[in-house]
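Secondary and tertiary structure notes
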Amino acid sequence: MRHYHGGKPLTAFDEALQRLLDATQPIARTETVGLVDAAYRVLAVDVSAPFDVPPFDRATMDGYAARSADIAAATPEHPVPLRVIGAVYAGDPPPTWVVAEGTCAQIATGAPMPLGADCVVPFEDTQREGATVLVLKAVPPRDNITQRGWDVRQGDRVLAAGAWLTPAKVGVLAALGIDRVPVYAKPKVAIVPTGNEIAQPGRPLRIGQVYDINTYTVAALAAQHGCEPLPMDIVPDEPEALQRTLNAALASAECVIFSAGSAVGERDLLPRLLSERGTVLFHGLAVRPGRPTLAAVVDGKLLVNLPGFPASCLMVAVVMLVPVWRKMARLPAWHPPTVQATLAHEVISPEGLRQFLTVRLAERDGQLIAASAYKESGTITSLSDADGFIVIPETVTHIPAGTTVAVTLL
């Protein structure tokens, strides 16, 4: 079954998403940040090790640094005596003296190995008698030692440009003594609410108005996925005001998101404005919710006009804009967790539309149950009360109660 918006056939979801991704350019701007701010950013340069890590042989146990040849025959029945000639602690410089035949040195975990010693005997395998240590167990060469360069060799490329800086990768930078690092900038996303019927939270409402929700849900989602949201003032339904705001948004951001104004009423001015200023990628999606969605490229930048109803706006942003934003920010592809659940009731879905149905999850008799959380497109609680959503393909019109479904967690 074909569905239409403004007399034109709706664009299938997969095709629309691909058009958006094809029009998306990864961010080219870079900036330099401190390590504390580098987590979950994207590295902009290759990083090579300026020195070996660790930069010296070091003990991995508390005990005695010794020569393995001296203690090769040591057993509890026949301990080998060694003379203690000194002690080395973590943070000490390597000692100038040498562990010679028949001697050893007390050593702490992380301390540099003294010259001459090639193993560490743990305390529990020794007995101390004044200046003498009885070694009760043979220890092979290099045992309980981390050798210089064992983790990273000088000159090795340890991180490549484009690496997503997880906490462990930030730790690699710290291990190399790097305190500031070039990363790709966060793409700026201008978020423009439109319509005479919405008001900014914190201000009094007139009769006929509701508070702007979409700016804040879309901004939170954009920030979660690597972008810098730039909320803009509410724009009235006036051509000149829309034109001025569009120009300002394009000048300040890599991506522009409008909410509302994409339907086909006489006050929905954006479709005409965008078709005059740029190339429309699609107008009208074969989805539920979110049919009025519009996308265009204007001055080489991606512009998406989301529906005004809060549930539709946020759902389309989740399933369609998150992949776009992550490509723009050079982040890894998003793979949200999913769970299997049993549908608590039957679901009827319109043929020809892909439905994203929000659900609540509950456990019953040890089984995960999914029940619809959807009320209508205008209710934000359709998403705020939901644990996730199920995707119903265009060709499926009926799902019986008791069916096992995959729930994408929100």
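Residues numbered from 1 in each chain as written. Predicted model: local features only at pLDDT ≥ 70, side-chain atom pairs only at ≥ 80, totals over all residues. Heavy atoms only, no water.

Going by the annotation in an unreviewed UniProt entry, the name recorded for the protein is Molybdopterin molybdenumtransferase, with Candidatus Fervidibacter japonicus given as the source organism. In its Cofactor (unreviewed entry) section, the UniProt record describing the protein reads: "Mg(2+)". The UniProt entry for the protein carries the following text under Function (unreviewed entry): "Catalyzes the insertion of molybdate into adenylated molybdopterin with the concomitant release of AMP." (UniProt positions renumbered as here; feature names shortened; annotations may be inferred.)

Quick word on unusual backbone geometry
Looking along the chain, the bond that leaves V53 and enters P54 is cis, with omega of -5 degrees. As for its position among the elements, P54 is in the loop between β4 (47-48) and β5 (58-59). Along the chain, R288 connects to P289 via a cis peptide bond; the corresponding omega equals -5 degrees. Summarising the element assignment, P289 is placed in the loop between β21 (287-288) and β22 (294-298). For N144, which is not glycine, the phi torsion reads 65 degrees and is therefore positive. Looking at the secondary structure, you find N144 in the loop between β11 (132-135) and β12 (145-146). (Helix = DSSP H or I, 4+ residues; strand = E, 2+ residues; numbered from the N terminus.)

Concerning the side chain of S349
Secondary-structure assignment places S349 in the loop between β25 (347-348) and β26 (354-364). For S349, a relative accessible area of 4% translates into the label buried. Apart from the residues within four sequence positions on either side, S349 is in contact with Q355, I392, V396 and T397. (Buried < 20%, exposed > 50% of the residue type's maximum accessible area, 1.4 Å probe, protein only. Contact = heavy atoms within 4.5 Å.)

Digging into the sheet that holds strand β20 (residues 279-283)
Taken together, the six strands give an open sheet; going across it, the order is β18-β15-β19-β23-β22-β20, and neighbouring strands pair in mixed fashion. Only two strands of the sheet have a single partner each, and these edge strands are β18 (228-231) and β20. Each adjacent strand pair in this sheet contributes to an overall mean axis angle of 20 degrees, direction not counted. Pairing between strand β15 (residues 188-193) and β18: four bridges, direction parallel. When the bridges of β18 are listed, K188 appears paired with E228. The sheet contacts of helix α3 (residues 214-224) involve β15, β18, β19 (255-259) and β23 (301-306), and relative to β15 the element is tilted by about 170 degrees. (Pairing = 2+ DSSP bridges. Axes fitted to C-alpha atoms, helices over the stretch in contact; angles between N-to-C directions.)

Observations concerning the sheet that holds strand β8 (residues 103-107)
The sheet built from six strands is open, its strands ordered β9-β6-β8-β7-β11-β10 with mixed pairing. Strands with a single pairing partner mark the edges of an open sheet, and in this sheet they are β9 (119-122) and β10 (126-129). Adjacent strand axes in the sheet meet at a mean angle of 40 degrees when their direction is disregarded. With four bridges connecting them, β10 and β11 associate as antiparallel partners. When the sheet's bridge partners are listed, E129 is paired in β11 with T132.

Let's talk about the environment of K375
Relative to the assigned elements, K375 resides in the loop between β27 (367-372) and α7 (381-384). Judged by its relative accessible area of 51%, K375 falls in the exposed class. A sequence separation of 64 residues divides K375 from A311, and the C-alpha atoms of the two residues are 9.1 Å apart. Setting aside chain neighbours within four positions, we find K375 in contact with T381, S382 and D385.

Notes on the nonpolar core
By size, the foremost hydrophobic cluster in this structure holds 38 residues, and its most contacted members are L20, I257, L306, M320 and W325. Secondary-structure elements contributing two or more residues to this core are α1 (13-22), β15, α3, β19, β20, β23 and α6 (310-328). Counting residues per element, this core draws most heavily on α6, at 13 residues. Apart from residues no more than four positions distant in its own chain, I257 is found in contact with V189, A190, I191, V192, V218, V304, L306, L321 and W325. Of all hydrophobic cores here, the second largest spans 19 residues; its members include L242, L269, L273 and L294. (Core = buried A, V, L, I, M, F, W, Y, C linked by side-chain atoms within 4.5 Å.)

Some words on α3
Taken together, the buried positions of α3 are N214, T215, T217, V218, A219, L221 and A222. After α3 finishes, the residue G226 shows a positive phi value of roughly 85 degrees.

A few points about the domain arrangement of the protein
Domain annotation for the protein reports domain 1 (4-29 + 185-329), domain 2 (31-52 + 155-184), domain 3 (58-146) and domain 4 (338-409). Averaged C-alpha coordinates put domain 1 and domain 3 at centres separated by 68 Å. (Domains from an automatic or database assignment.)

What to know about the packing of α3 against α6
In contact at an axis separation of 10 Å, α3 and α6 are set at 25 degrees when each is read in the N-to-C sense. By the angle between their axes, α3 is roughly parallel relative to α6. Helix-helix and strand crossings are classified by hand; for α3 and α6 the assignment is right-handed. Counted together, N214, T217, V218, L221 and A222 of α3 and P310, C313, L314, A317, V318, V322 and W325 of α6 form the full contact between these two elements. (Parallel < 35°, antiparallel > 145°, perpendicular 65-115°, else oblique. Left-handed = near helix turned anticlockwise from the far one by under 90°.)

What to know about the environment of L136
With respect to the element layout, L136 can be found in the loop between β11 and β12. Linking L136 and E124, residues twelve residues apart in sequence, is a C-alpha distance of 8.9 Å. Setting aside its immediate chain neighbours within four residues, L136 contacts A74, T75, P76, P79, D125, T126 and Q127.

Brief notes about the packing of helix α4 (residues 239-252) against helix α5 (residues 270-277)
Angle between the axes and distance between the axes: these two values describe a pair of packed helices. Between α4 and α5, whose axes approach to 11 Å, the crossing angle comes to 55 degrees. Looking at the two axes, α4 sits oblique to α5. Note on packing geometry: the crossing formed by α4 with α5 is right-handed. Along its contact with α4, which presents L242, Q243, L246, N247 and L250, the element α5 presents L270, L273, L274 and R277. Grouping the constituent residues of the contact of α4 with α5 by class yields six nonpolar, two polar and one charged. (Nonpolar A, V, L, I, M, F, W, Y, C, P; charged D, E, K, R; others polar.)

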